[in-house]
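Okay, here's what each chain looks like letter by letter:
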Amino acid sequence: GWIALGGGEALNPLRELFGITRFVSPLRAYKTSNMPLTGDLGLRFGPVKGASLTVKLSYAMANDRLMPVMGEFSEIAFVGENLRSWKINAEFNWAYRKLVSVRAAYSTVLGGGEKQTWTDWYDRARHVVSAALAINPTDRLGIDVSYDLRMRRRMLQTGMPDGFEWVNLKNESVLNAGVSYRVSDAFTVFLRGENLLNCRSMLVPFLPRQGITGFAGVGLKF
């Protein structure tokens, strides 16, 4: 088991905010956010025969933490909020030699109230599930599948008749899969499909997620 404590200041440069959503004005500047205290209490069981289970309880105290908000005309801005958040996470990992590996994880925010969200979950999800499977039948062939589910996502919209309202961003259910083949040490070909369930959840700027996509490519190592 372990205990970790931290804290500090976040500068909130526009470069990082553009990484969350491109639909934010480049003319605005945002002040720093303060994280007086962050903490993790964790326990790890294993590995036993390639399997391990990790359970972690996290706490974050944040002042003026920037969260995206949609305005009256669907413009996106960031508003500083004071958050006091608890989160619990459980993660299971198993691997058999280099042939197969499995990971499954679940996280949830504890407590209720409008401001109960994890500090870097900008879609204000309440529950997050993820799983991944990697198979390597040979030294050259690799197959991977991943799944992510984010439930009870929402965004605050201001300028409404009652002052504000919550906009449902819909559950995000994304399945990805890929296969790669290493022709030589320097040359690899791959094929990948994303959002195979055709999930049409809403992105943070309240735009629908792109549907099923696929691409193929080659990789060269120099």
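These notes cover the structure that comes with them. (Residues numbered from 1 in each chain as written. Predicted model: local features only at pLDDT ≥ 70, side-chain atom pairs only at ≥ 80, totals over all residues. Heavy atoms only, no water.)

Let's talk about the overall build of the chain
In terms of regular secondary structure, the chain is built from one helix and twelve strands. Along the chain, helices and strands appear, N-terminal first, in the series β-α-β-β-β-β-β-β-β-β-β-β-β. Projected onto its principal axes, the C-alpha positions of the chain cover 60 × 40 × 35 Å. With 222 residues in all, the chain has 32% of them scored as buried. Nonlocal contacts in the chain, meaning residues at least 24 apart in sequence, comprise 53% of its contacts between residues at least 6 apart. Here the chain holds 27 positive side-chain charges and 19 negative ones, and the gap between their average locations is 7 Å. (Helix = DSSP H or I, 4+ residues; strand = E, 2+ residues; numbered from the N terminus. Buried < 20%, exposed > 50% of the residue type's maximum accessible area, 1.4 Å probe, protein only. Contact = heavy atoms within 4.5 Å. Lys, Arg positive; Asp, Glu negative; His and termini not counted. Charge placed at Lys NZ, Arg CZ, Asp CG, Glu CD.)

Quick word on the pattern of salt bridges
Tallied over the full model, the rule gives nine salt bridges. Here Arg-124 makes a salt bridge to Glu-81, at a shortest N to O gap of 2.5 Å. Here Glu-81 lies in strand 4 (residues 76–96) and Arg-124 lies in the loop between strand 5 (100–110) and strand 6 (127–135), a separation of 43 residues in the sequence. For the pair shown, Arg-124 and Glu-81 are each scored as buried. (Salt bridge = Lys/Arg side-chain N within 4 Å of Asp/Glu carboxyl O.)

Some details on the packing of aromatic side chains
One pass over the full model with this rule turns up three aromatic pairs. Residues Tyr-59 and Trp-86 carry aromatic rings whose centres are separated by 4.7 Å and whose planes lie at 50° to one another, so their mutual orientation is tilted. Of this pair, Tyr-59 sits in strand 3 (residues 51–70) while Trp-86 sits in strand 4, placing them 27 residues apart in sequence. Residue Tyr-59 is classed as buried on the basis of its relative accessible area, which comes to 16%. Ring centres 6.3 Å apart and planes at 80° place the aromatic pair Phe-190 and Phe-215 in the edge-to-face group. In this pair, Phe-190 sits in strand 11 (residues 187–194) while Phe-215 sits in strand 12 (residues 213–220), placing the two residues 25 residues apart along the sequence. The ring centre of Trp-121 lies 5.4 Å from the NZ or CZ of Arg-150, which sits over that ring. Between Arg-154 and the ring centre of Trp-166, over which it is positioned, the NZ or CZ distance is 3.9 Å. (Phe/Tyr/Trp six-rings, centres within 6.5 Å; stacked < 30°, edge-to-face > 60°. Lys NZ or Arg CZ within 6 Å of the ring centre and 35° of its normal.)

A word on the pairing of strand 7 (residues 141–151)
Sheet analysis places strand 6 next to strand 7, joined by nine bridges and oriented antiparallel. Note on strand 7: the bridge partner recorded for Val-128 is Arg-150. Strand direction decides the pairing type here: strand 7 and strand 10 (residues 172–182), joined by ten bridges, are antiparallel. In the strand pairing of strand 10, Leu-149 is matched with Ser-173. (Pairing = 2+ DSSP bridges.)

Some remarks on unusual backbone geometry
The amide bond that connects Gly-46 to the next residue, Pro-47, takes the cis arrangement and shows omega of 10°. By the secondary structure assignment, Pro-47 is in strand 2 (residues 33–48). The phi torsion at Asp-64 lies on the positive side, around 55°, for a residue other than glycine. Here Asp-64 is to be found in strand 3.

Some points on the environment of Asn-34
Relative to the helices and strands, Asn-34 resides in strand 2. Its relative accessible area of 25% is what places Asn-34 among the partly exposed residues. Every residue in contact with Asn-34, bar those within four places of it in the chain, is listed here: Gly-8, Glu-9, Met-61, Ala-62 and Asn-63. Side-chain polar atoms of Asn-34 contact the side chain of Glu-9, separated by 2.7 Å. (Polar contact = N/O pair within 3.5 Å; in protein donor to acceptor, adjacent residues only side chain to side chain.)

Describing the nonpolar core
Met-35, Ala-60, Ala-62, Met-67, Leu-83, Val-109, Trp-118, Trp-121, Ala-125 and Val-128 together form the largest nonpolar core, which totals ten residues. When residues no more than four places from it in sequence are discounted, the contact partners of Trp-118 are Ser-58, Tyr-59, Ala-60, Ser-85, Trp-86, Lys-87 and Val-109. In terms of nonpolar packing, the next biggest core, distinct from the first, is built from seven residues, Met-70, Met-155, Val-167 and Leu-169 among them. (Core = buried A, V, L, I, M, F, W, Y, C linked by side-chain atoms within 4.5 Å.)

A closer look at the pairing of strand 5
Pairing between strand 4 and strand 5: eleven bridges, direction antiparallel. When the sheet's bridge partners are listed, Lys-87 is paired in strand 5 with Val-109. Sheet topology places strand 5 next to strand 6; nine bridges connect them, and they run antiparallel. Pairing of Thr-108 across the sheet is with His-127, part of strand 6.

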